[in-house]
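# Reading the structure
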Amino acid sequence: MSPERIQGGCVAVRSISHSSSFSSKCNHSHSSPSDDSTCGTPVWRGKGLTCVCFKGKGVHARVCINLTPLQASSLLSIIDIVMEERLKRLRHRTKVQFDASRPEHQEALRALWHATYPGQELLSLVSDQWKQMGWQGKDPSTDFRGAGFISLENLLFFAKTFSTSFQSLLRKQDGKRAIWEYPFAVAGVNITFMIMQMLDLDATKPRTFIRAVFLQMLSENEWAFDLLYCVAFMIMDKLWLEKNATYMEFNDILKSTRSQLEKELLMDDVLRIEDMPSYSLLY
């Protein structure tokens, strides 16, 4: 069973074990029976059995599974454990500062270069070549201070997972471009920092609904942060073009990007990063 999202007492799943007790119909009431995006609340029946609604998503049908209170509690405990472990790893990633003396950090930087410019030799980790990627100087390590090593990981994830979109943004291929463009790599670092602030990952308990929603997504996909980063980059570039922005307006565009992310994350039918409307911008 792969959990997607918890809403109140309901759990959305992607696959369900055939060993569970199923009923093809949900017999208890929903606030909107015709709306597959709505979950009802669990109903306690007979000797403690509960009917838990599993929300349909795409090809995932809504079914009811009869669980004992102990089984329901165990399921939620498993989801909580997965979420806490992934949150712990993500928090650790956000605390790691880029260290040019560490071999694994040097290798990640080389990997970013080769993913960005395949076939083009990198002469040195400190080189004027880096400026063509949009770093402020010839030593990228000085630009990682704001967001740390995870900002390099985000860029590398984007380059390898959505290489076409990555290259299009890097080379400013889409739309009518401005005379003064944003520096690609530095913009990426700023996007990482913006998302870290938006999600408030260091809080002991969720202080915003945005963070709570994201944690549910993280429990379903450990790469939710990296995927959200890619979506944010595409939104930022789209807004840049729509507003015909200049470099002096970059911070305003970044704020608008955050607002758009928050709006989409709060949509009722968005259970995963892939469900966000702007995810379709990636190709």
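Residues numbered from 1 in each chain as written. Predicted model: local features only at pLDDT ≥ 70, side-chain atom pairs only at ≥ 80, totals over all residues. Heavy atoms only, no water.

The protein goes by ELMO domain-containing protein A in an unreviewed UniProt entry, where it is assigned to Sesamum alatum.

Assignment of secondary structure puts glutamate 274 in the segment after helix H8 (250–265). Judged by its relative accessible area of 26%, glutamate 274 falls in the partly exposed class. Considering only alpha carbons, one finds glutamate 274 and alanine 224, 50 residues apart in sequence, at a separation of 9.2 Å. Look past the residues within four positions of glutamate 274 in its chain and what remains in contact with it is Asn221, Leu227 and Tyr279. (Helix = DSSP H or I, 4+ residues; strand = E, 2+ residues; numbered from the N terminus. Buried < 20%, exposed > 50% of the residue type's maximum accessible area, 1.4 Å probe, protein only. Contact = heavy atoms within 4.5 Å.)

Attention now goes to the nonpolar core. What tends to happen in soluble globular proteins is that the nonpolar side chains get buried as a cluster. Within the largest apolar cluster, 72 residues are counted, with the highest numbers of intra-cluster contacts made by Phe158, Ile195, Phe214, Leu228, Phe233 and Leu261. Contributions of two or more residues to this core are made by helix H1 (69–95), helix H2 (103–116), helix H3 (149–161), helix H4 (163–170), helix H5 (184–199), helix H6 (209–220), helix H7 (224–242) and H8. With 14 residues, the top contributor of residues to this core is H7. Here phenylalanine 233 is in contact with Leu155, Phe158, Leu169, Tyr182, Phe184, Ala187, Gly188 and Ile191, once residues within four sequence places are set aside. (Core = buried A, V, L, I, M, F, W, Y, C linked by side-chain atoms within 4.5 Å.)

Before going further, it helps to spend a moment on the packing of aromatic side chains. Taken as a whole and judged by the stated rule, the model has 16 aromatic pairs. Look at tryptophan 113 and tyrosine 117: their rings are 4.6 Å apart centre to centre, the planes differ by 50°, and that puts the pair in the tilted class. Look at tryptophan 113 and you get buried, because its relative accessible area is 0%. For tyrosine 117, a relative accessible area of 6% gives the class buried. Pairing phenylalanine 158 with phenylalanine 233 gives two aromatic rings, centres 5.7 Å apart and planes at 45°, and the pair type is tilted. Taken together, the positions of phenylalanine 158 in helix H3 and phenylalanine 233 in helix H7 put the pair 75 residues apart, joining distant regions of the chain. We note lysine 172 situated over the ring of tyrosine 182; from NZ or CZ to the ring centre the distance is 4.5 Å. (Phe/Tyr/Trp six-rings, centres within 6.5 Å; stacked < 30°, edge-to-face > 60°. Lys NZ or Arg CZ within 6 Å of the ring centre and 35° of its normal.)

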